[in-house]
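Observations on chain architecture
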Amino acid sequence: MLIADCFIKEDVLSATVATSSGSGSLQDRLAAAWQGPVEWDGRLARYTTLRVGGPAAALVKPASVAELAALLPVLRRQGLPWRVIGRGSNLLVADAGLPEVVIVIGPAMAAIRQAGQEGSERLVQAEAGCSLPKLVSWCTAEGLGGLEFAAGIPGSVGGAIAMNAGAWGREMRDVLHALVVVDETGGVQILPAASQVFAYRRWEHAPGVVVAAGIFRLQPESPEVIGGRCRGHLQARREKQPLEPSAGSFFKNPPGQAAGRLIEAAGLKGLRVGGARVSEQHANFLVNAGGATARDFYELMKVVQEQVAERTGIRLEPEVHLLGFGEAGR
Ligand SMILES: Cc1cc2nc3c(=O)[nH]c(=O)nc-3n(C[C@H](O)[C@H](O)[C@H](O)COP(=O)(O)OP(=O)(O)OC[C@H]3O[C@@H](n4cnc5c(N)ncnc54)[C@H](O)[C@@H]3O)c2cc1C
């Protein structure tokens, strides 16, 4: 039905995979086995919306799904640890950085196309590096409704699927028809969304799997009506959310509660640690008020957790993924 094979181009594979199995440091082993572009010690602050985070041992930005499918088996064969990020809009990365290969799925892998029809619904396939704002605009112009809830969420399609991102009572799982994933063997598979387990801000998936594209079920509708809904959502965000750099809602809402209200009720709006501050506008946004470090955010997070727990008995869990802090932040 939907063609994942069309992504694979042999010329890309042979151009980037070297034959050496390599030895020594991560950098040496990657350089020996992968001839595609690598950014060594690139600061992750440039790849996160909080604007904090130290260097990654190596940053690789696949230019296509084929290149991603070539890269993962190389990393596996070399025994090189890796992780994938999108637009970094849900990440707190430690100041010390990350000792692994960080795969950044970005604008080079961002194609969108109509991919068929299911009854009255249209299928749209968007590669993982496509930003949600770009996808929402494309769907609006094409007169395809359903993704308006995502207007204003600054993540990538891959990150949004991995996070089951949502707003206004809708989530990615509500519009997802299937996922195209790449695994560490370089295999590209199409997984029906109905076969996957999604929960609040979570997709439960096997380790070593990267989302290469999402296929969405959308309804034909007037672009003006769809655009109107998007503008409404964007306006509501502008009224409620701070403009300073943030990672969106920092904590998950506990069942039946709003994390922001609990933080506000604890009197923590405006609380500051170094350059990190609890937003005055929306207490569940921790913002970079200027010159913040990842340690500032981490300490502010701990203070908020402790004070809310002391007052209510509820321990707020971060929605933001903590990387490089040596604790279960995912
Ligand atoms: C101003 C602002 C407003 C926001 N509003 C919302 C909101 O309303 N609702 C909401 O849900 N979120 C919101 N967010 C949070 C964030 O935008 C979403 O979680 C988004 O989906 C993350 O996408 P990303 O590409 O930035 O992922 P990243 O932050 O880069 O990564 C997040 C997680 O996804 C994984 N991941 C990323 N790409 C892939 C891939 N291709 N394959 C497999 N795993 C992958 C990463 O390993 C990581 O664990 C907001 C953030 C900001 C800054």
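Quick note: structure is the one above.
A brief look at the structure comes next. All residue numbers here refer to positions counted from 1 along the written sequence of the relevant chain. The model is predicted, so local features are restricted to residues of pLDDT at least 70 and side-chain atom pairs to those at 80 or more, both for listing and for counting; the totals for chains, interfaces and linings are taken over all residues. For side-chain calculations, the full set of non-hydrogen atoms in the structure is used, while hydrogens and water are omitted.

**What about the overall build of the protein?**
Spelled out, the test is: Working definition: helices are DSSP H or I runs of at least four residues, strands are E runs of at least two. Numbering for both runs from the N terminus. Restricting the calculation to C-alpha atoms gives the radius of gyration, and the globule rule supplies 2.2 Å times the number of residues raised to the power 0.38. Residue burial is assigned from relative accessible area. The probe radius is 1.4 Å, only protein chains are included, and a residue is buried under 20% of its type maximum, exposed over 50%, and partly exposed in between. Pairs of residues are marked as contacts when any of their non-hydrogen atoms sit within 4.5 Å. Accessible areas in this description were obtained via Shrake-Rupley with a 1.4 Å probe; residue shielding takes into account the shown protein chains only.
Within the protein, the regular secondary structure consists of 9 helices and 19 strands. Rg of the C-alpha trace for the protein: 20 Å, near the compact-globule value of 20 Å for 330 residues, within the 12% margin. Across its three principal axes, the protein shows a C-alpha extent of roughly 60 × 55 × 30 Å. When burial is assessed residue by residue, the protein has 55% of its 330 residues classed as buried. Across the protein, contacts joining residues at least 24 apart in sequence account for 64% of those joining residues at least 6 apart. Accessible surface computed for the protein: about 14,000 Å², of which carbon and sulfur atoms make up 51%.

**Some thoughts on the nonpolar core**
For clarity, the cut-off: The term nonpolar core refers to a set of buried residues drawn from Ala, Val, Leu, Ile, Met, Phe, Trp, Tyr and Cys, joined through side-chain atoms within 4.5 Å. For every domain, the bounds stem from an assignment made automatically or drawn from a database.
In this structure, Leu68, Val101, Leu135, Leu147, Leu179 and Phe216 are the most contacted members of the largest nonpolar core, which totals 66 residues. Ranked by residue count, the leading element in this core is helix H3 (residues 65–78), at 8 residues. The residue makeup of this core includes at least three contributed by each of domain 1 (5–108) and domain 2 (110–240). Other than its neighbours up to four places away in sequence, Leu135 contacts Ile112, Val124, Ala126, Cys130, Leu147, Val157 and Phe216. Formed by 30 residues, the second largest nonpolar core is a distinct cluster that contains Val52, Ala259, Leu268 and Val308.

**Brief notes about the sheet that holds strand S5 (residues 98–104)**
The cut-off we apply is this: Pairing between strands is defined by DSSP: at least two bridges between them are needed. Between N-to-C directions, angles cover 0 to 180 degrees, with each direction set by a line fitted to C-alpha atoms, over the stretch in contact for helices.
If you trace the 4 strands from one edge of the open sheet to the other, you get S1-S2-S5-S3, paired in mixed fashion. Only two strands of the sheet have a single partner each, and these edge strands are strand S1 (39–40) and strand S3 (82–85). Here 4 bridges tie S3 to S5, and the two strands are oriented parallel to one another. If you follow Ile85 over to S5, its bridge partner there is Val104. Sheet contacts for helix H2 (residues 26–33): S1, strand S2 (56–60) and S5; angle to S2, the most-contacted strand, approximately 20°. Packing of H3 onto the sheet brings it into contact with S2, S3 and S5, and relative to S5 it is tilted by some 160°.

**Observations regarding the side chain of Thr48**
As a reminder of what qualifies: Between N or O atoms, a polar contact is any pair within 3.5 Å; within protein, one atom must be a potential hydrogen donor and the other a potential acceptor, and residues adjacent in sequence are included only when both atoms are from side chains.
Note on placement: Thr48 falls in the loop between S1 and S2. Reaching out from Thr48, the side chain makes a polar contact with the backbone oxygen of Val52 at a distance of 2.9 Å. Excluding residues within four positions of it along the chain, Thr48 makes contact with Arg87, Gly88, Leu91 and Val93.

**A look at the environment of Glu306**
As for its placement among the helices and strands, Glu306 is situated in helix H9 (residues 294–312). C-alpha of Glu306 to C-alpha of Arg43: the two residues are 263 residues apart in sequence and 30 Å apart in space.

Remember that the coordinates give geometry; whether it matters functionally is a separate question.
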